[in-house]
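Examining the three-dimensional arrangement
Below, each chain spelled out in residue letters.
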Amino acid sequence: LLAGVVALAPVAGFAADLTIGFSQIGSESGWRAAETTVTKQQAEERGIDLKFADAQQKQENQIKAIRSFIAQGVDGILIAPVVATGWDEVLEEAKDADIPVVLLDRTVDAPEDLYLTAVTSDLVHEGNVAGQWLVDEVAGADCRIVELQGTTGSSPAIDRKTGFEQAIKGHDNLEIVRSQTGDFTRSQGKVVMESFLKAEGGANICALYAHNDDMAVGAIQAIKEAGLKPGTDIKIVSIDAVPDAHLALANGEMNATIELTPNMAGPALDAMEAYLADGTMPAKWIQTESKLYTAKDDNQAVYEMKKDLGY
Ligand code: GZL
C-alpha cells in the first residue's frame, strides 16, 4: 500500500519579500511630496518591492493603477484616495483577488470590509483646532474670514471645513464670507486669494483659513502683491506644518498651522505585514497625531529639522 503522503515540512523562518502597489494622488503639495519620500523609505527599510503610481490628481488614473496592481498579483495595495466617492467597484475587485488595501491620509465612502484600515489624522479635529485658534486670537472682535478649501470632494476638504465651522459656531463675531477650493496647490491658492481680495477689498478681510500650507503660501504672495501684510493685516491659519510654513511663521507672515505627519506609510505597512503574515486584523482607523504650531514656537529650528525630509 502506498505510504501516506509525506507532508512537506513548511519552510520556516523567512518572510518572502512583499510586493506592494502604491497609488499616490500626485505631488500637488509639499506635504504630498514628503509622504511619497517617506513611503519609499519605509518600504526600503522593510525590504518591500514598492510599485509606485502617480495619478496626477485624477481618480481614473488611480483606478487604472489599482487594476494594474491587481493584474500583477501584488501582495497588498496602498491608496491615497484623491476623492471620497467612486471606489466601491475597484475595491471589490481587490477584495475578490484577496489583495488587502490600506488607505493613506484620506478616507473613502465605501463599506469598511473593502479595506484593511485607514491611516489618517483626525481631519475634523484639525479644523476644530484651526477654528478655536482664531476664536481665541480675535478675542471677540469682528472678523470676516475667507476660506481656501482643499480638493473638492476629498475627505480633508469636507472634514476640515466641518471642524472649523463647528469651532466658530456660536461666535457671531466670526463669519466666513468667501469659501472656494484652491485644490491644495500654491498656484490655485494664489489665484483664488487674488479673487477674494478683489471681491471683498483687502481691508475687509480679517483672516484666511487655508486647508493646507501650500494654498496659504500662495495666498501670502497674493496678499503681499495687494500691498497688505500677511500675518498682520490678514491673520493666516493653515494645516500641514510643512517647512515653508515654519519659515512663514518665523517671518510673521503666517500665524498658526497644524502639523500633519508625512509618515502614514509606517503604520500602514506594519498593519499590512502583520495581516499578510498571520491574518492579524488592525483597527479600521489608525489615527496620527496633530500638533498646533504658532509664531511663539521655535520655527526656525523646526524648519531646519524638517527641510531635509523630502518636502
Ligand atoms: C490630508 C492630506 C492633504 C494635505 C495636503 O490628510 O490628504 O492632501 O493636507 C495634501 O497638503 O494635498
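Quick note: structure is the one above.
The paragraphs below set out a description of the structure included in this document. Within every chain, residues take consecutive numbers counted from 1 along the sequence as written. With pLDDT at 70 or above as the cut-off, local features in this predicted model cover only qualifying residues; side-chain atom pairs require 80 or more to be listed or tallied, and sums for whole chains, interfaces and linings still use all residues. For side-chain calculations, the full set of non-hydrogen atoms in the structure is used, while hydrogens and water are omitted.

**Section: a negative patch on the surface**
Residues D88, E92, D96, D98 and D109 make up a contiguous surface patch of negative charge. In this fold, D96 is placed in helix α3 (residues 88–96). Classification of residues uses two cut-offs on accessible area relative to the type maximum, computed with a 1.4 Å probe and protein chains only: under 20% is buried, over 50% is exposed, and between them is partly exposed. With a relative accessible area of 62%, D96 lands in the exposed category. Residues with no salt bridge and a relative accessible area higher than 30% make up the patches, which join like charges within 9 Å and nonpolar side chains (Val, Leu, Ile, Met, Phe, Trp, Tyr) within 5 Å. The Shrake-Rupley method, run with a 1.4 Å probe sphere, supplies the accessible areas, and residue values consider only the shown protein chains as cover. Throughout this description, the term salt bridge denotes a Lys or Arg side-chain nitrogen within 4 Å of a carboxyl oxygen of Asp or Glu. Only four residue types enter the tally: Lys and Arg on the positive side, Asp and Glu on the negative side, with His and both chain ends excluded. Note on charges: their place is set at NZ of Lys, CZ of Arg, CG of Asp or CD of Glu. For the purposes of this entry, the term helix denotes a DSSP run of H or I that reaches at least four residues, the term strand denotes a run of E that reaches at least two, and both are numbered from the N terminus.

**Re the environment of W31**
Within the secondary structure, W31 sits in helix α1 (residues 30–45). W31 gets classed as buried once you look at its relative accessible area, which sits at 2%. For W31 and P81, which are 50 residues apart along the polypeptide, the C-alpha to C-alpha distance reads 15 Å. By the convention used here, residues are in contact when the closest approach between their heavy atoms is within 4.5 Å. W31 has contacts with D105, D214, D240, V242, L260, T261, P262, M264 and Y311, leaving out every residue within four places of it along the chain. N or O atoms within 3.5 Å of each other form a polar contact, as long as, within protein, one can give a hydrogen and the other can take it, and as long as residues adjacent in sequence are counted only when both atoms are side-chain atoms. At a separation of 3.1 Å, a polar atom in the side chain of W31 contacts the main-chain carbonyl oxygen of L260.

**Re the pattern of salt bridges**
For the coordinates displayed, the defined rule picks out 25 salt bridges. Linked through salt bridges whose partners overlap, the residues forming this network are E28, R32, E35, D105 and R106.

**Let's talk about the side chain of S23**
You can see S23 is positioned in strand β1 (residues 19–24). In this structure the side chain of S23 is engaged in a polar contact, spanning 3.0 Å, whose partner is the side chain of Q62.

**Remarks on the nonpolar core**
Here, the term nonpolar core denotes a set of buried Ala, Val, Leu, Ile, Met, Phe, Trp, Tyr and Cys residues that are joined through side-chain atoms within 4.5 Å. Judged by nonpolar contacts, the single largest core of 69 residues is most densely connected at I77, L78, W87, M193 and L208. Ranked by the residues each element gives to this core, the list is headed by helix α7 (residues 213–225), at six residues. Ranked by size, the runner-up nonpolar core spans 17 residues in total, among them W133, V138, F164 and I168.

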